[in-house]
Amino acid sequence: MPEKRIYMSVPHMSGREEAFVADAFRSNWLSSVGPHIDAFERDVAQRLGGGVSTVAVSSGTAAMHLVLRYIGVGPGDIVAVQSATFIGSVYPVLYLGATPVFIDSEDTSGNIDPELVREYFADAARANRLPKVLIVVHLYGQHADLDPLLAACDEYGVTLVEDAAESLGSTYKGRQTATTAPFSILSFNGNKIITTTGGGMCVSQDPAAAPVFKKWATQSKEAKIEYEHTELGYNYRMSNVLAGIGRGQLEVLDDRVRQRQRVAERYREALADIPGVAMQAEAPWGMHTRWLSVIHLDSEVHGVRPADVVRALETNNVETRPVWRPMHTQPLLRHAKAIGGAVSERHFARGLCLPSSSSLTESDQDLVIELLRKCFAETPAMSSL
Ligand SMILES: *Cc1c(COP(=O)(O)O)cnc(C)c1O
C-alpha cells in the first residue's frame, strides 16, 4: 500500500496565517478575547456582503446550538431538519430537548425539497403541530432552493435557519450563502473549504442577536465585579489565535473555490465515458463551490456500489466516503418522524464523495481517477483490485 494517503479534504494554508498567529503571540492576545476575533468577524460579515452580524465560536455545532436557543427552541418544540446532512445540524436540536422531524430532499441538489416542506407545513398547521424552526443544509457547496423555503416559512411563521457549514463561497441567485435566512451558521472545521482548525460562526440579520451570542458563548457573565450568572452559558468562544488562522484563510477563499471547482471539472472530464457514473448535478439557482466532488453510481448499470469503491480505494490508501447517511435512518434518531425519505435514501445508496482538497495535485488526482476507472472496468467482480 502506498505510504502517502490521499484524503478527501485537508486543510490548505495560504502561508499568511502564520503571520496572524505570530501577531497573537507577540501581543499576548492568546485567549478568547483579541483583535483577530473582531477582525475575523468583521471580514466574514463583509465577505457575505454586509448587512449581517457575525459571532465566532468554537464549532459549527456550537453556532447552531446558540442560534436555536436564541430563536427560543426548547422542550416540546419541533425543529424540522433536512434529513440528508451531517449530525452537526441535528445534535443542537437534541441538546435543547426539542424534537427533530426529518424532511426528504429533491433530486437535483440533494437538498431539502421545498414542495414537501410546504405540504408538511400545511398538514402540521391543521394538526396544530407546526415546527418552530426549519433547518436547511447546503450540501457539498451547493444551495438548496431557498426562495420557496423562505416563502413557506413566512407564510406559516416558521423561522428559517441556513446550515451553511459546507457552502461558504457559494451563491444562491447571486446572493451569498448564509444571508437569505434570518439566521445561519458556518463551520471552519479542518475538512471545510477554509479552516481555523476547528471553529464556527453564528450569522444573523438581527443585530440584537450578536451580543447575546457572545454572552452565552463566554459563560453568561453578568456585568458585575464578581461573576454573576442569571442564565445558562457555555464555553464556546473562538480563540484569538484561531481567528488569526481564519483571517489568513479568508484571504484565499476565492482561490479555494476555483481550485475545488477545477478538481470537480477534471473528475467530470475523466469519468464522462463510464456508463452509470455521473457527477452530481448542478442546480440552476446557484453557484456550486464543489467543496466535495460527489459522483452518483448506478449499480444497475455496472454492479458497483459506493461501499465497493470505498473498500477498493482504501487498499490504495485513498480516502472516499458515501454521501451523508440520511438522519431518519440513524439508530440514534430512529424514533423521529420522517417526511418522505426515498430521495435521500437513493442518493445515499448511489452517492460517493471523492478526494476534493484544493491542494490535491493533478498527479494524485490522476491516481484516484485511474483507481476509479479500474473499479468499473472489472465489474461486477472487483476481487483483483
Ligand atoms: C461540518 C458540518 C457541521 C458542523 O460543524 P463543526 O464545526 O464540525 O461542528 C454542521 N453541519 C454540516 C452540514 C456540516 O458539514
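Computed from a predicted model, the values in this text were never measured in an experiment.

Quick notes on the rules
- Residues numbered from 1 in each chain as written.
- Predicted model: local features only at pLDDT ≥ 70, side-chain atom pairs only at ≥ 80, totals over all residues.
- Heavy atoms only, no water.
- Core = buried A, V, L, I, M, F, W, Y, C linked by side-chain atoms within 4.5 Å.
- Buried < 20%, exposed > 50% of the residue type's maximum accessible area, 1.4 Å probe, protein only.
- Domains from an automatic or database assignment.
- Contact = heavy atoms within 4.5 Å.
- Near = heavy atom within 4 Å.
- Polar contact = N/O pair within 3.5 Å; in protein donor to acceptor, adjacent residues only side chain to side chain.
- Areas by Shrake-Rupley, 256 points an atom, 1.4 Å probe, with all protein chains shown as cover.
- 1 Å grid on protein atoms, 1.4 Å probe; cavity = no way out; pocket = protein on both sides within 12 Å on 5 of 7 lines; lining within 4 Å.
- Sits in = over half its atoms within 2 Å of the grid points.
- Buried area = accessible area lost by both parts, 1.4 Å probe.
- Salt bridge = Lys/Arg side-chain N within 4 Å of Asp/Glu carboxyl O.
- Helix = DSSP H or I, 4+ residues; strand = E, 2+ residues; numbered from the N terminus.

Right, let's talk about the nonpolar core for a bit. The nonpolar side chains of a soluble globular protein tend to be buried with one another. Counting 66 residues, the largest nonpolar core has Leu66, Ile135, Tyr140, Leu186 and Phe188 as its most contacted members. Per-domain counts for this core show at least three residues from each of domain 1 (17-250) and domain 2 (253-377). Sequence-distant contacts of Leu186, defined by excluding residues within four places in its chain, comprise Val44, Leu48, Gly60, Ala164, Ala165, Leu168, Ala178, Gly200, Met201 and Val203. Counting residues in each nonpolar core, the second largest holds 25 residues, with Val263, Leu271, Ile295 and Leu313 among its members.

Neighbouring the ligand are 15 residues, the closest being Gly60, Thr61, Asp163, Glu166 and Lys192. Contact between the ligand and Gly60: an oxygen atom at 2.7 Å from a main-chain N or O atom of the residue. Burial of the ligand by the surrounding chains reaches 94%, relative to a free accessible area of 380 Å². Placement of the ligand is best described as lying within the largest pocket.

Right, let's get into the domain arrangement of the protein. Interfaces are often described in size by the accessible area the parts lose on coming together. What the domain assignment lists for the protein is domain 1 (17-250) and domain 2 (253-377). Each of domain 1 and domain 2 has a C-alpha centre, and these two points are 25 Å apart. Facing 42 residues of domain 1, the contacting portion of domain 2 comprises 38 residues. Between domain 1 and domain 2, roughly 3500 Å² of surface is buried when both sides are summed, and carbon and sulfur atoms account for 62% of that area. By the criterion of area lost to domain 2, the three top residues of domain 1 are Phe102, Tyr140 and Ile193, representing 24% of everything that side buries. Across the domain 1-domain 2 interface, the total number found is two salt bridges. In this structure, the salt-bridge partner of Asp254 is Arg47, at a minimum N-O distance of 2.4 Å. The tally of links from domain 1 across to domain 2 stands at 25 residue pairs in polar contact (both at pLDDT 80 or more). Mapped onto the side of domain 1 that touches domain 2, the elements with two or more residues apiece are helix H4 (91-95), strand S3 (99-103), helix H5 (114-126), strand S6 (171-172) and helix H8 (240-250). Among the elements that take part in the side of domain 1 that touches domain 2, S3 stands out by supplying four residues, more than any other.

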